[in-house]
Amino acid sequence: MQEETVPGEEDEQDLNKSDLLAVDEGLERPASAASQTSIVVNERLQELVKLFKDRKDRAKERMVDPDESDDESPSASPAKKPGEAPPPPPPPEEKKDDEEKDLIKMKTSILYTVGLLILSFTDLIYVVWLFFVTLAWNWNVWLIPVRCTFPYQTPENIHWWLLMDYFCDGIYIVDIFVMQPRLQFVRGGDIVCDKEAMRDNYRQTERFKMDVISLFPLDLLYFFTGVKSLLRFPRLLKYNAFFEFNDRLEAVMSKAYIYRVIRTSAYLLYSLHCNACIFYWGSDYEGLGSTKWVYNGKGNSYIRCYYFAVKTLITIGGLPDPTTVFEIVFQMLNYFVGVFAFSIMIGQMRDVFGAATAGEAYYRHCVDSTVKYMSSYKIPREVQNRVKIWYDYTWKSQGMLDEQELLIQLPDKMRLDIAADVNYSIVSKVALFQGCDRQMIFDMLKRLKSVVYLPGDFVCKKGEIGREMYIIKAGEVQVVGGPDGMTVFVTLRAGSVFGEISLLAGGGGNRRTANVKAHGFANLFILDKKDLAEILVHYPESQKLLRKKAKDTGEVIPQRPETPKLFKAALEVGTGQTFAKLKEAYKGATLEVFISPVKPETHCTIFGCSRQKIGIEKQSWRFL
């Protein structure tokens, strides 16, 4: 039977269907907007990811992975009312901030690559630039007094003087506006590389103020007074570049005391230079040749005035007596300034040479103290000579007596870097440490002590308690033994290790198993047992590996098995000795070999003789 429907109910069902469709359509519209938002965000994120990867390849620096947000794409928002508009896509602010920071890092790296940024502590290009700035400053320092006093600046050569003046001014300008604003600096422990921050930092320093004053354009007064070199006096205020150049140059030189001696000598020469200029000015003020004391105007004016300055400041004497009040006052001031200046220069020279020879003076002091000690206790002359040889060889080979004393002031990280550069290539080749933790080797490098042994010195002796292990840095050592103790079993060279059995074996009281002595001058690394134990506590896997290698290696010179007595007897017979001598030599030792009954004529297969000849009646052989 078919169900009958009422006309009103049919209209009501149609209305409900239309409402459901309307609701469904209302549900689809927000979902579609959310999916569009997700697509836009995903496309933007993919673009950012691509930018990050390209930047990483170009800049070649390690950055944080920007792909973390790929898996976190926004999901569709729940159903909303039909009239509500879809929300706008969320702007990735954090990603933009990270992008800007990474772009700054990339630009900084590129700028430094092309040389637009200056690392003031290590950049040699900056040191070279300071050298040119220093030359420009010295042009003004040395020649401004000369041009003010001596008649060397004439209308015929004035254009050459002005050309050099403005060329030096150009160097000043480039330094102020190009080089110094790009100089990196440290703020809060961080090296600042931002261009604007570096420029602002330079403008806030006292050096910037002095640099600007040094370029004050007093040259404009040339139009009213003529070319007066005294108006260039502000150029001398750029003295900071000179002192910075000194510091940077000494930092990169291996023998900085040479430059210090040259600089101190230049100070003395410059003081004499200024005194010569002042003397010519005083002579010109009094009148050239007016008295015996002043310059008479003959010969080279600068050389003669410089000679007068040398005799005055060094107080050599032999000068004509001043006659006027001006000459007397001038000469008195010269004497006072000369005494103080010369004494200061001598003191500086002493300090420079003292600093340059401080290490050698310490070495001489140690040698003299040791020799005095040995002489007071009447140490044998042979021992004293060996001590002197050790001092001499250690100083010539290392340039110091104790490396640890030199590096103790450095932090652990720097000591490790130096030790790794100097010793890692040797220690890493040691077969015992192959497969060990790399960091364990680095920790061990800081504990190694370098010791020099003389030819014939015993590094260790058989039976001693082993407390150190040795790594050969340079030279050779020999493992010796035998009845006379001079038989060489093996020769160990650079990179070899010995003495490790006593350190790595379990328990205590482990004794040396061989004698080891230096064949020539040998430089060895010594690692104490206590230091090695402290290191291996943090590396249990390396500890197991080292102990396993020590057990597998065994003794340096294994104990030779004793020669069998029967074989000794055969050797004795082979040399023609009689059985009577054999019996006499091996009386009390027996070796019985039972054989089956044989005829009396049966021959001994060992000695090639019959029992009848030997005279033995028993069925046993009694040789030893």
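What counts and how
- Residues numbered from 1 in each chain as written.
- Predicted model: local features only at pLDDT ≥ 70, side-chain atom pairs only at ≥ 80, totals over all residues.
- Heavy atoms only, no water.
- UniProt positions renumbered as here; feature names shortened; annotations may be inferred.
- Helix = DSSP H or I, 4+ residues; strand = E, 2+ residues; numbered from the N terminus.
- Contact = heavy atoms within 4.5 Å.
- Areas by Shrake-Rupley, 256 points an atom, 1.4 Å probe, with all protein chains shown as cover.
- Pairing = 2+ DSSP bridges.
- Axes fitted to C-alpha atoms, helices over the stretch in contact; angles between N-to-C directions.
- Polar contact = N/O pair within 3.5 Å; in protein donor to acceptor, adjacent residues only side chain to side chain.
- Core = buried A, V, L, I, M, F, W, Y, C linked by side-chain atoms within 4.5 Å.
- Buried < 20%, exposed > 50% of the residue type's maximum accessible area, 1.4 Å probe, protein only.
- Parallel < 35°, antiparallel > 145°, perpendicular 65-115°, else oblique.
- Left-handed = near helix turned anticlockwise from the far one by under 90°.
- Nonpolar A, V, L, I, M, F, W, Y, C, P; charged D, E, K, R; others polar.

By the naming in an unreviewed UniProt entry, the protein is Cyclic nucleotide gated channel subunit beta 1a, taken from Cyprinus carpio. In its Subcellular location (unreviewed entry) section, UniProt records this for the protein: "Membrane".

**Student:** Please explain the overall build of the protein as it appears in this structure.
**Tutor:** Scanning the protein from terminus to terminus reveals 22 helices and 12 strands. Restricting the contact set of the protein to residue pairs at least 6 apart, pairs at least 24 apart contribute 70%. Looking at the protein as shown, the accessible area adds up to about 39900 Å², and 60% of this sits on carbon and sulfur atoms.

**Student:** For this particular structure, what's the right way to read the UniProt feature "transmembrane region" (unreviewed entry) in the protein?
**Tutor:** The sites that UniProt annotates as "transmembrane region" (unreviewed entry) are residues 110-138, 212-231 and 328-346. Helix makes up 35% of residues 212-231 and strand 0%, and the two end C-alpha atoms of the span are 16 Å apart. The straight-line gap between the two end C-alpha atoms of residues 328-346 is 27 Å; of that span, 100% is helix and 0% is strand.

**Student:** Would you mind going over the sheet that holds strand β6 (residues 477-481) with me for this structure?
**Tutor:** The strands making up a sheet associate through hydrogen bonds between their backbones, and the pairing can be parallel or antiparallel. Spatial ordering of the open sheet is given by β4-β9-β6-β7, a layout of 4 strands whose pairing is antiparallel. Bordering the open sheet on either side are β4 (458-460) and β7 (487-492), each of which pairs with just one other strand. The sheet shows a mean angle of 35 degrees between the axes of neighbouring strands, taken without regard to direction. Note that β6 and β7 share 5 bridges and pair antiparallel. Counted as the bridge partner of Gly 481 is Thr 487 from β7.

**Student:** Even after reading the chapter, I still don't get the sheet that holds strand β10 (residues 522-528), so can you show me in this structure?
**Tutor:** Strand order in the open sheet formed by 4 strands is β3-β10-β5-β8, with antiparallel pairing between adjacent strands. Since the sheet does not close on itself, it has two edges, and those belong to β3 (449-453) and β8 (497-498), each with one partner. Examined bridge by bridge, β3 and β10 share 5 bridges and lie antiparallel to one another. When the bridges of β10 are listed, Tyr 453 appears paired with Ala 522.

**Student:** I would appreciate a short explanation of the side chain of Asp 219 in the present structure.
**Tutor:** Looking at the element boundaries, Asp 219 is found in the loop between α6 (206-214) and α7 (222-225). In this structure the side chain of Asp 219 is engaged in a polar contact, spanning 3.5 Å, whose partner is the side chain of Arg 232. Ignoring any residue separated from it by four or fewer positions in sequence, one finds Asp 219 in contact with Tyr 166, Asp 169, Leu 231, Arg 232 and Arg 235.

**Student:** How should I be thinking about the nonpolar core in this particular structure?
**Tutor:** Buried together is how nonpolar side chains tend to be arranged in soluble globular proteins. In this structure, Leu 432, Phe 433, Met 440, Leu 445, Met 469 and Leu 546 are the most contacted members of the largest nonpolar core, which totals 27 residues. Looking at this core, the elements with two or more residues in it are α15 (412-427), α16 (438-445), β5 (468-474), α17 (500-504), β10 and α18 (529-536). Discounting chain neighbours no more than four positions away, the residues touching Phe 433 are Val 427, Met 440, Ile 441, Met 444, Met 469, Ile 471, Leu 546 and Lys 549. Core analysis: the next-biggest nonpolar cluster, separate from the first, contains 17 residues, Ala 276, Tyr 306, Phe 308 and Leu 319 among them.

**Student:** Quick question: what am I supposed to make of the packing of α15 against α16 here?
**Tutor:** A packed helix pair is summarised by two numbers, namely the angle formed by the two axes and the spacing between the axes. For the pair α15 and α16, interaxial distance at closest approach is 9 Å and the crossing angle is 110 degrees. Considered as vectors, α15 and α16 are oriented roughly perpendicular to each other. Both α15 and α16 take part in a crossing whose hand is right-handed. Where α15 approaches α16, its residues Leu 416, Ala 419, Ala 420, Asn 423, Tyr 424 and Val 427 are matched on the opposing element by Arg 438, Ile 441, Phe 442, Met 444 and Leu 445. Considering only residue class, the contact of α15 with α16 consists of 9 nonpolar, 1 polar and 1 charged.

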